[in-house]
Amino acid sequence: MKKKLVVANWKMHLNASQSSLLLSHLHKHLHPYKDVEVVLAPSMLVIQPLGLQIDRRQFRLAAQNAYFRDEGAFTGEVSFTMLQDLVHYAIIGHSERRLYFHEDLPMIRDKMAACVRNEIIPILCVGETKEEKRLGETKQVIHDQLISALANLTSDDVQDVIITYEPVWAISTFEGDVAKPTDVKRTMDYIKLEIRELYGETTANRIRILYGGSVDNTTASGYLDIEGCDGVLVGAASLNYLQFAGIVEAAHKSVTN
Ligand code: PGA
């Protein structure tokens, strides 16, 4: 059985001491379940110190972003190569990166390839905006994002990729409408179908698909209980250790139910 994956996206919150404090609360308050993998994506600044503090039996680390070149004159950037020994995962294609930092499909494709080349597992975010949803373009948008992001990977690589369905309109920092699990399931099924058609049954069965967007301790189980949902990506609620503990609890229950 696949473990449920719960990913905390701390975004641009918490300085070094605040991050360290949150981590010590998480060590204390999160029960280490064998059937739940918990991943923390702190700011780039604190990945290294948290890596020293973290109990690796309980948590893994992820980067929220990195640049697609391995090294060179790219002022202000950090490469996947530099992160190689520090993180297991990296979030790629988050809608905030697409929107505020103008990351387009080719850039996300290059980041996916760089991530895999450096033996970091990508957590690829895909999802439609409110307007695209209104126009009935959800499937087309997801299709384009998937095809492009995975274009330079082999089917072996694709088996390990994690895909997160994050409808932009459901992310708390944008508008934060709460997505209905039935609607989420429809799109997650579509993602699975696309992967099956492109890469075959084995890859479709192995690949992990998460949901993200306003997940908190009250809504988590609704998404985690969706058949085919392998976990959740949590933003705002991951900054509160009690709420986050509740989400991890819900993930455990969804496996044991
Ligand atoms: P949210 O963010 O849980 O605050 O909606 C999710 C995300 O953007 O990863």
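Going by the structure above, here's the rest.
What you see as residue numbers is a count from 1 along each chain, following the sequence as written. Predicted model: local features are reported for residues with pLDDT of at least 70 only, side-chain atom pairs are reported and counted for 80 or more only, and whole-chain, interface and lining totals are derived from all residues. Remark: hydrogens and water are excluded; side-chain values derive from all non-hydrogen atoms of the structure.

Examining the overall build of the protein
Along the backbone of the protein there are 12 helices and 8 strands. When we talk radius of gyration, it's over C-alpha atoms, and the globule rule is simply 2.2 Å times the number of residues to the 0.38. Taken against the 2.2 N^0.38 rule, which gives 18 Å for 257 residues, the C-alpha radius of gyration of the protein at 17 Å falls within 12% of a compact globule. With the C-alpha coordinates of the protein rotated into their principal frame, the extents come out at 50 × 45 × 35 Å. Only protein chains enter the calculation, and the probe is 1.4 Å; a residue is then buried if its accessible area is under 20% of its type maximum, exposed if over 50%, and partly exposed in between. Taking all 257 residues of the protein together, 51% fall into the buried category. Surface exposure here means Shrake-Rupley accessible area, sampled with a 1.4 Å probe, where a residue is shielded only by the protein chains that are shown. When the accessible surface of the protein is summed, it comes to about 12,100 Å², and 51% of that surface belongs to carbon and sulfur atoms. Comment: elements are numbered from the N terminus, with helices defined as DSSP H or I runs of at least four residues and strands as E runs of at least two.

Focus on the sheet that holds strand 5 (residues 121-126)
The parallel closed barrel is built from 8 strands, whose spatial order is 1-2-3-4-5-6-7-8. For this sheet, the mean inter-axis angle between neighbouring strands, taken without regard to orientation, is 25°. Should DSSP find at least two bridges between two strands, the strands are regarded as paired. Alignment of strand 1 (residues 4-9) against strand 8 (residues 231-234), held across 4 bridges, turns out to be parallel. What sits directly across from Val 7, in strand 8, is Leu 233. Here, two residues are considered to be in contact whenever any of their heavy atoms come within 4.5 Å of each other. The convention used is that axes are lines fitted to C-alpha atoms, helices contributing only their stretch in contact, and that angles between N-to-C directions extend from 0 to 180 degrees. Each of strand 5 and strand 6 (162-165) touches helix 7 (residues 138-150); the most contacted strand, strand 5, lies at about 155° to it.

Observations concerning the packing of aromatic side chains
Two aromatic rings from Phe, Tyr or Trp, using only the six-membered ring of Trp, form a pair when their centres are within 6.5 Å; if the ring planes differ by under 30 degrees the pair is stacked, by over 60 it is edge-to-face, and anything between is tilted. If you walk through the whole model with that rule in mind, you get 4 aromatic pairs. Ring plane angle 40° and centroid distance 4.6 Å describe the contact between Tyr 67 and Phe 68, whose orientation is recorded as tilted. Owing to a relative accessible area of 17%, Tyr 67 belongs among the buried residues under this scheme. Centre to centre, the rings of Tyr 67 and Phe 74 are 5.1 Å apart; their planes meet at 50°, and the pair counts as tilted. Three or more aromatic residues joined by ring pairs make a cluster, and in this case those are Tyr 67, Phe 68 and Phe 74. A ring has a charge above it when a Lys NZ or an Arg CZ is no more than 6 Å from the ring centre and no more than 35 degrees off the ring normal. Sitting over the face of the ring of Phe 101, Arg 97 holds its NZ or CZ atom 4.1 Å from the ring centroid. Lying across the ring of Trp 169, Lys 133 places its NZ or CZ 4.4 Å from the centre.

Thoughts on the pattern of salt bridges
In the sections that follow, a salt bridge refers to a side-chain nitrogen of Lys or Arg positioned within 4 Å of a carboxyl oxygen of Asp or Glu. One pass over the structure, following the stated rule, counts 15 salt bridges. Connected via shared salt-bridge partners are Glu 37, Arg 60 and Arg 208.

Overview of a nonpolar patch on the surface
A contiguous nonpolar surface patch, about 340 Å² in accessible area, is contributed by Leu 99, Tyr 100 and Phe 101. Relative to the assigned elements, Phe 101 resides in the loop between helix 4 (95-100) and helix 5 (105-117). Exposure above 30% relative accessible area and the absence of a salt bridge qualify a residue for a patch, where like charges join within 9 Å and nonpolar side chains (Val, Leu, Ile, Met, Phe, Trp, Tyr) within 5 Å.

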